[in-house]
Amino acid sequence: MRELRNPNETPEHRLKRLRLRSWRRGIKEMDLILGAYADARLAELDATTLDAYEALLDENDQDLYKWVSGAEARPDVHTAMLADISAFHGIES
């Protein structure tokens, strides 16, 4: 796993980078799910939660879609973040 925080990166740049990664996924469904969430919520998240979100972005889109939609069990490491994303979109988990 790569190091998440770049000590030289400004908070504004980090948010911009994470938004871009959220909207530029491998499948359109995840662009819409993560992009909308990022636009609405990233600015209000603390550094620890941003770390969790950034780790989530490293996951495979097909897996992410199954986890967000509830089609497959969520891995413990991402449970809280995925629950927040699902709740944001009104997806029952």
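Quantities reported herein were computed from a predicted structural model and do not represent experimental measurements.

As for its position among the elements, Arg 14 is in helix H1 (residues 11-23). By relative accessible area, Arg 14 is classed as buried at 9%. A distance of 3.0 Å separates a polar atom in the side chain of Arg 14 from a polar atom in the side chain of Glu 54.

Our focus in this paragraph is the packing of aromatic side chains. For the coordinates displayed, the defined rule picks out two aromatic pairs. Seen in terms of ring centroids, Tyr 37 and Phe 88 are 5.6 Å apart; in terms of plane orientation they differ by 85 degrees. Their pairing is edge-to-face. Separated by 51 residues along the polypeptide, Tyr 37 in helix H2 (residues 28-41) and Phe 88 in helix H5 (residues 79-88) bring together distant segments of the chain. Given a relative accessible area of 35%, Phe 88 falls into the partly exposed group. Aromatic rings pair up to connect Tyr 37, Tyr 53 and Phe 88 into one cluster.

This part is about the nonpolar core. Ranked by size, the top nonpolar core spans 19 residues in total, and within it Leu 34, Leu 42, Tyr 53, Leu 56, Leu 64, Met 81 and Ile 85 carry the most contacts. Residue assignment for this core shows that the elements contributing at least two residues are H1, H2, helix H3 (47-57), helix H4 (61-69) and H5. With five residues, H2 is the largest single contributor of residues to this core. Setting aside anything within four residues of it in sequence, one finds Leu 34 in contact with Ser 22, Arg 25, Tyr 53, Leu 57, Leu 64 and Ile 85.

Structurally, the position occupied by Asp 61 is in helix H4. At a separation of 2.8 Å, a polar atom in the side chain of Asp 61 contacts the side chain of Arg 25. Beyond its immediate chain neighbours, meaning those up to four positions away, Asp 61 contacts Arg 25, Gly 26, Ile 27 and Met 30.

The rules behind each value
- Residues numbered from 1 in each chain as written.
- Predicted model: local features only at pLDDT ≥ 70, side-chain atom pairs only at ≥ 80, totals over all residues.
- Heavy atoms only, no water.
- Helix = DSSP H or I, 4+ residues; strand = E, 2+ residues; numbered from the N terminus.
- Buried < 20%, exposed > 50% of the residue type's maximum accessible area, 1.4 Å probe, protein only.
- Polar contact = N/O pair within 3.5 Å; in protein donor to acceptor, adjacent residues only side chain to side chain.
- Phe/Tyr/Trp six-rings, centres within 6.5 Å; stacked < 30°, edge-to-face > 60°.
- Core = buried A, V, L, I, M, F, W, Y, C linked by side-chain atoms within 4.5 Å.
- Contact = heavy atoms within 4.5 Å.

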